[in-house]
Structure formats: structure tokens, C-alpha cells
Amino acid sequence: MSRAKVPVKVDGRELTLSNLDKVLYPEVGFAKAEVIDYYSRIAPVLLPHLDGRPLTVKRYPNGVEGASFFEKNAPEHTPEWVRRVRLPVPGSTKNRETIDFAIVEDLPTLVYYANLAALELHVPQWRVSAEGEALPPDTLVFDLDPGPPATIVECCEVALMLRAVLADDGLTARPKTSGSKGMQLYADWDGRDEASAYARRLAQMLAKEHPEQVLSVMTRKLRPGKVFIDWSQNNPAKTTVAPYSLRARAHPTVSTPLLWKEVEACENPEDLVFTTSDVLARVDEHGDLFTRA
């Protein structure tokens, strides 16, 4: 039997894994087999954050140093047992009226996508119903993006400001790294207002109160040394990298839920860089930090 293709059974589903020894993170020799292993082991805490949310993936068939592409439409060869929902996509860049999105709600589907070198998993802040219809947003998100020389250290300072403002409104913020250079803050959303409008108001308020630290607009010339609060991630058409998703960096870093004491104590960007092994150990110790207040 060719070593290039390996038939496996995952929770009763038959899959064929391929090119398991292909290195996807060349700098550290991290291969596709290790990507699949990570996603399989992190699945118990990852799957609840994907469940019901239409999936967008970023695939790296030749590794993080090769070409990549975003994929929303479930591939033609997607197994019939993978849940799909057909949703309208107004303004699609590919002139499609609808897209057949996959919904990752079980381990076999997660392994299927890991085998496609879908390193990054992105989801919106809303779910679909059992009938496959889009529901109102249930999550609020703020994407904190540092403009060099600012780093995640400055993002942590802004995150603490946001935590306080959200708390004043009765919302409990949950922090995570982006797995790249910034971080995100989430809160359960009760639909009291249009999510994007609410997030924009908070971002504008903090930018007005802390003009030397915070931006609420993406203007490039204003970015150096400041943290841009991207409130637009709450647009229903947009997605954010999921908790526990890999990122396509030089090392296999992960978008990692944080303890607030880690945010408060952050002094160096390296303090909040976590790879797959780090995250698996954190989950063993803490469980899913994103389910804790």
C-alpha cells in the first residue's frame, strides 16, 4: 500500500488521509500528520466554538511558505456526511448568489479539513438553526490590531480598557490571542442593539478618550504605535479566526484563550505566543478558558 494515502476510520466515518509526512511548517519541520494530530486532540474544546457556524478555511496545500487560498464553498469531494448549509452571499467577489458552507460539528469533519491542509479555521459571530437558516449574532468580537512598533503588549492595555467598558454594560469579556500579532476580545451578545453599531460606538469612545493609544479607523498613516480596534468584525459577512485554530506563521502558533491575569501581566510579546504543544498543555490544566467567565 502506498504510504501517500492512508485509510482511517474516525468515529465510524471512513477517511483517506494523504501525504502525512508533508512538512507544512518548514522552519520547525511540523508535518501534516502533526496538524491532524493537534486538531484531533484539541477537538473537545474546539468543536463547541465551530458548532453551527458556517466555516471559512484558509488552506496551505504546500505549507505556510507556499501559496494559500480562502475557501468558503465546501469542496466538490466533500463527504456526504459533512453537514452543509446553503446561504445567500450578497456582494460575493465571485458573483455567486449562494454558497454551500460546511458546518464542523464532529471530529470526522474536523479531520477531513485538517487533511486538506486547512490550517486556519474562521467563523462568523452567528450560527445557523437546525433548518440551516442564519440566526442573529450571539457573540460580540473586537479585533485588536497593533500598528508597529506597538505589539500585543499594547493590545493588552487596550483590552483592559475594553473589559471595563463592557463590564459597565453588563457584558463579560473573554480574551484570546489572534495567534498572529494581535488579540481579540469576545463577549456573549444579547441582541440589545445592532452588534456592529454597538462595537463601533465603544471603539470610537475609547479612541476619543485615549487618542495616543487607540484608533477606531483603519487609516494606515495613523496606525504606527497605536492599537486599531476593529469593530467591523461584527458584520455578519465577516469571520474571525476561531479559538484554538492554528495560524499560518513560521511556527504552529494557535489562537489561544487567555486568563485575564496573563493579559494584566503581559510585558513582552513572547509572553503570549503559544504553539500547539503549549495549548494542549493549557487545556489539560485549565480546560476551555473560553467557557469560563
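The structure this text deals with has already been given above.
1. Brief notes about the sheet that holds strand S10 (residues 139–146)
Okay, so step 1: Read across the open sheet, the five strands follow the order S11-S12-S10-S14-S13; overall the sheet is mixed. The outermost strands of the open sheet, each flanked by one partner alone, are strand S11 (174–177) and strand S13 (214–215).
Okay, so step 2: Looking at chain direction, S11 and strand S12 (residues 183–188) are connected through four bridges and run antiparallel. Counterpart to Pro 175 in the pairing with S12 is Leu 185.
Okay, so step 3: In the packing of helix H3 (residues 152–168) onto the sheet, contacts are made with S10, S11, S12, S13 and strand S14 (227–230), and the angle to S10 comes to roughly 150°.
Okay, so step 4: Strand contacts of helix H4 (residues 195–209): S10, S13 and S14, with the helix running at about 40° to S10, the strand carrying the most contacts.

2. A few points about the pairing of strand S2 (residues 13–18)
Okay, so step 1: Both strand S1 (residues 5–10) and S2 contribute to a ladder of six bridges, which runs antiparallel. Residue Lys 9 lies in a different strand from S2, and its bridge partner there is Glu 14.
Okay, so step 2: Linking S1 back to S2 in an antiparallel pair, the connection comprises two residues, with Asp 11 at a positive phi of about 50°.

3. Digging into the sheet that holds strand S15 (residues 240–241)
Okay, so step 1: Taken together, four strands build an open sheet; the order of strands is S6-S5-S9-S15 and the sheet is antiparallel. Each end of this open sheet is capped by a strand with a single partner; those strands are strand S6 (69–71) and S15.

4. Structural notes on the environment of Arg 59
Okay, so step 1: For Arg 59, the location among the structural elements is in strand S5 (residues 56–59).
Okay, so step 2: Taking the C-alpha atoms as reference, Arg 59 lies 5.9 Å from Leu 119; in sequence the two are 60 residues apart.
Okay, so step 3: Excluding its chain neighbours within four sequence positions, the residues that come into contact with Arg 59 are Ala 67, Ser 68, Phe 69, Glu 71, Pro 75, Leu 116, Ala 117 and Ala 118.
Okay, so step 4: Within the structure, the side chain of Arg 59 is placed 2.9 Å from the side chain of Glu 71, a separation counted as a polar contact.

So, how was this worked out
Residues numbered from 1 in each chain as written. Predicted model: local features only at pLDDT ≥ 70, side-chain atom pairs only at ≥ 80, totals over all residues. Heavy atoms only, no water. Pairing = 2+ DSSP bridges. Helix = DSSP H or I, 4+ residues; strand = E, 2+ residues; numbered from the N terminus. Contact = heavy atoms within 4.5 Å. Axes fitted to C-alpha atoms, helices over the stretch in contact; angles between N-to-C directions. Polar contact = N/O pair within 3.5 Å; in protein donor to acceptor, adjacent residues only side chain to side chain.

Geometry only, nothing functional implied.
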